[in-house]
Amino acid sequence: MKLEVDIVWLGVRPMHNKWASCSTNGHLNFNAELLALDQDLWDYVIVHELLHFFVPNHGKLWKVLMRAHLGDYEVSESRLKSLSSAPGINEH
Ligand SMILES: [Zn+2]
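As the structure is a prediction and not an experimental result, all values here were calculated from the model. Each chain carries its own residue numbering, running from 1 in the direction its sequence is written. Residues qualify for local features only when their pLDDT is at least 70, as the model is predicted, and side-chain atom pairs are given and counted only at 80 or more; totals for whole chains, interfaces and linings, by contrast, use all residues. For the side-chain quantities, the full set of heavy atoms in the structure was used; hydrogens and water were omitted.

1. A short note on the overall build of the protein chain
If you tally the helices and strands in the protein chain, you get 3 helices and 3 strands. Of the regular secondary structure in the protein chain, the N- to C-terminal order runs β-β-β-α-α-α. Residue exposure (1.4 Å probe, protein chains only): buried if accessible area is under 20% of the type maximum, exposed if over 50%, otherwise partly exposed. Counting only residues that meet the buried cut, the protein chain has 35% of its 92 residues in that class. Put simply, of all contacts in the protein chain between residues at least 6 apart along the chain, 44% involve residues at least 24 apart. Think of it this way: any DSSP run of H or I at least four residues long counts as a helix, any run of E at least two long counts as a strand, and we number them from the N terminus. Note on definitions: a residue-residue contact is assigned when non-hydrogen atoms from the two residues lie within 4.5 Å.

In structure tokens:
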């Protein structure tokens, strides 16, 4: 499966309590702090957000798609959590 999403806006800006946000009109914003992180953490956050265009929650389907694209995505997920004192990406 290929992720086909019409991204109309892709931005990087400072965010205080999450790594990224997306809206159904195709706007994606990433936390500027991500720029300092490893590529595999970027991949996690980007795929995480893109999947929300198809699956609005973190349910079984979302997890299956995450695994299909990233393999052991939980590794990156727990690394991101340990890096941040913020509520975390799973808040959205
Ligand atoms: Zn999410």
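2. Some details on the pattern of salt bridges
Every case where a carboxyl oxygen of Asp or Glu lies within 4 Å of a side-chain nitrogen of Lys or Arg is listed as a salt bridge. By the definition in use, this model includes 4 salt bridges. Among the ionic pairs, Arg67 bridges to Asp72, the shortest N-O distance being 3.7 Å. Since its relative accessible area comes to 40%, Arg67 is described here as partly exposed. Overall, the relative accessible area of 55% leaves Asp72 in the exposed class.

3. Digging into the pairing of strand β3 (residues 27-31)
The buried fraction of β3 is high, at 4 of 5 residues. Should DSSP find at least two bridges between two strands, the strands are taken to pair. When strand β1 (residues 9-13) meets β3, the two strands line up parallel, connected through 5 bridges. If you follow Gly11 over to β3, its bridge partner there is Asn29. Note that strand β2 (residues 20-23) and β3 share 4 bridges and pair antiparallel. Bridged to Ser23 within β3 is His27. The antiparallel pairing of β2 with β3 creates a hairpin that spans 3 residues between the two strands, and Gly26 there sits at a positive phi of about 90°.

4. Focus: the environment of Leu35
Take Leu35: it is sitting in the loop between β3 and α1 (39-51). Judged by its relative accessible area of 57%, Leu35 is exposed. For Leu35 and Val12, which are 23 residues apart along the polypeptide, the C-alpha to C-alpha distance reads 8.8 Å.

5. Focus on the nonpolar core
Put simply, buried Ala, Val, Leu, Ile, Met, Phe, Trp, Tyr and Cys residues joined by side-chain atoms within 4.5 Å make one nonpolar core. Formed by 18 residues in total, the largest nonpolar core has its most connected members in Phe30, Tyr44, Val45, Trp62 and Met66. Those elements giving two or more residues to this core turn out to be β3, α1, α2 (60-70) and α3 (73-83). Here this core takes 7 residues from α1, the largest share from any one element.

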